[in-house]
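The lines below spell out each chain.
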Amino acid sequence: MKEVAVAVGVILNEGRQILLARRPDDKHQGGLWEFPGGKIEAGESTPEALVRELAEELGLQLDTGCMSALTEVRFQYPDKAVRLDVWCVELTAEQETQAHGAEGQPIVWADAESLAGYEFPAANEPIVTAVRKKLLG
Ligand SMILES: Nc1nc2c([nH]c(=O)n2[C@@H]2O[C@H](COP(=O)(O)OP(=O)(O)OP(=O)(O)O)[C@@H](O)[C@H]2O)c(=O)[nH]1
Ligand SMILES: [Mg+2]
């Protein structure tokens, strides 16, 4: 199965909360919570893909300077193979006010302590571990 390369953003506000979005029911892994992002297009770096995806999905106007690599996860679903390239995205207070579910999807700001209480796609388990380690030590 061809592996799909995905840019994934762990978006942090100044209070070290993390933005989660709920995946639409009709999409792959629908109804679960995700870290926003999407498929990397030909010729794009991961941060470039994140700038584009986070504008489309959340209305954020970002440049790549607020992004830093966190981890990479390869996972095989029964119907799909993915490689998630996960970057932290640090928002200013002003940028935080821009963030909304631009495609109608619910969003929440979650504390690192509460992340384990959300249902994520199976591939996200190592991401949650990495975020907790970064923010909680
Ligand atoms: N964005 C995102 N995708 C994830 C996460 N975890 C995970 O397994 N994926 C998988 O990565 C794949 C691509 O993500 P996506 O559906 O956001 O892609 P996209 O925004 O380009 O959407 P599209 O289907 O409208 O082109 C999906 O199969 C999705 O299930 C996650 O935390 N965030
Ligand atoms: Mg997406």
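Per an unreviewed UniProt entry, the chain goes by 8-oxo-dGTP diphosphatase and derives from Parathalassolituus penaei. Note on the chain: under the UniProt heading Sequence similarities (unreviewed entry), the record states "Belongs to the Nudix hydrolase family."

### What to know about the nonpolar core
Counting 34 residues, the largest nonpolar core has V10, I18, L50 and V89 as its most contacted members. Looking at this core, the elements with two or more residues in it are β1 (3-12), β2 (18-22), α1 (46-58), β5 (67-77), β6 (80-90) and α3 (125-136). Ignoring sequence-local partners within four residues, the contact set of V89 consists of G9, V10, I11, L12, L50, L54, L62, C66 and M67.

### Thoughts on the UniProt feature "binding site: Mg(2+)" (unreviewed entry) in the chain
Taking the numbering used here, the UniProt-annotated feature "binding site: Mg(2+)" (unreviewed entry) corresponds to G37 and E57. These annotated residues cover 21 residues of sequence, and their C-alpha atoms all fall within 7.8 Å of one another, placing them together at a single site. Take G37: it is sitting in strand β4 (residues 37-39). Sequence-distant contacts of G37, defined by excluding residues within four places in its chain, comprise V6, A7, V8, G9, L50 and E53. One can find E57 in helix α1. What makes E57 buried here is the crowd of 21 C-beta atoms within 10 Å. Look past the residues within four positions of E57 in its chain and what remains in contact with it is A21, P36, A102 and E103.

### Remarks on the environment of K27
Within the element layout of this structure, K27 appears in the loop between β2 and β3 (33-34). Between the alpha carbons of K27 and A7 there is a distance of 17 Å; along the sequence they are 20 residues apart.

### So, the pairing of β5
In the sheet, β5 pairs with β6 via ten bridges, with the strands oriented antiparallel. Within β6, the residue paired with S68 across the bridge is C88. Counted along the chain from β5 to the antiparallel partner β6, the turn is two residues long.

### A few points about the site of ligand 1
In the vicinity of ligand 1, 19 residues are found, and the nearest of them are H28, Q29, E34, G38 and P121. Elements supplying a minimum of two residues to the shell around ligand 1: β1, β4 and β6. Split by residue class, the shell around ligand 1 holds nine nonpolar, five polar and five charged.

### Concerning the UniProt feature "domain: Nudix hydrolase" (unreviewed entry) in the chain
UniProt's feature table lists "domain: Nudix hydrolase" (unreviewed entry) at residues 1-135, given in the numbering used throughout. From the first C-alpha to the last, residues 1-135 spans 35 Å; its make-up is 22% helix and 34% strand.

### Overview of the environment of L136
Relative to the helices and strands, L136 is located in helix α3. L136 sits in the exposed class, given 11 other C-beta atoms within 10 Å. Separated by 38 residues in the primary sequence, L136 and Q98 place their C-alpha atoms 26 Å from one another.

The rules behind these values
- Residues numbered from 1 in each chain as written.
- Chains lettered and ligands numbered in written order.
- Predicted model: local features only at pLDDT ≥ 70, side-chain atom pairs only at ≥ 80, totals over all residues.
- UniProt positions renumbered as here; feature names shortened; annotations may be inferred.
- Core = buried A, V, L, I, M, F, W, Y, C linked by C-beta atoms within 7 Å.
- Buried ≥ 20, exposed ≤ 12 C-beta atoms within 10 Å, placed from the backbone.
- Helix = DSSP H or I, 4+ residues; strand = E, 2+ residues; numbered from the N terminus.
- Contact = placed C-beta atoms within 7 Å.
- Pairing = 2+ DSSP bridges.
- Near = placed C-beta within 6 Å.
- Nonpolar A, V, L, I, M, F, W, Y, C, P; charged D, E, K, R; others polar.

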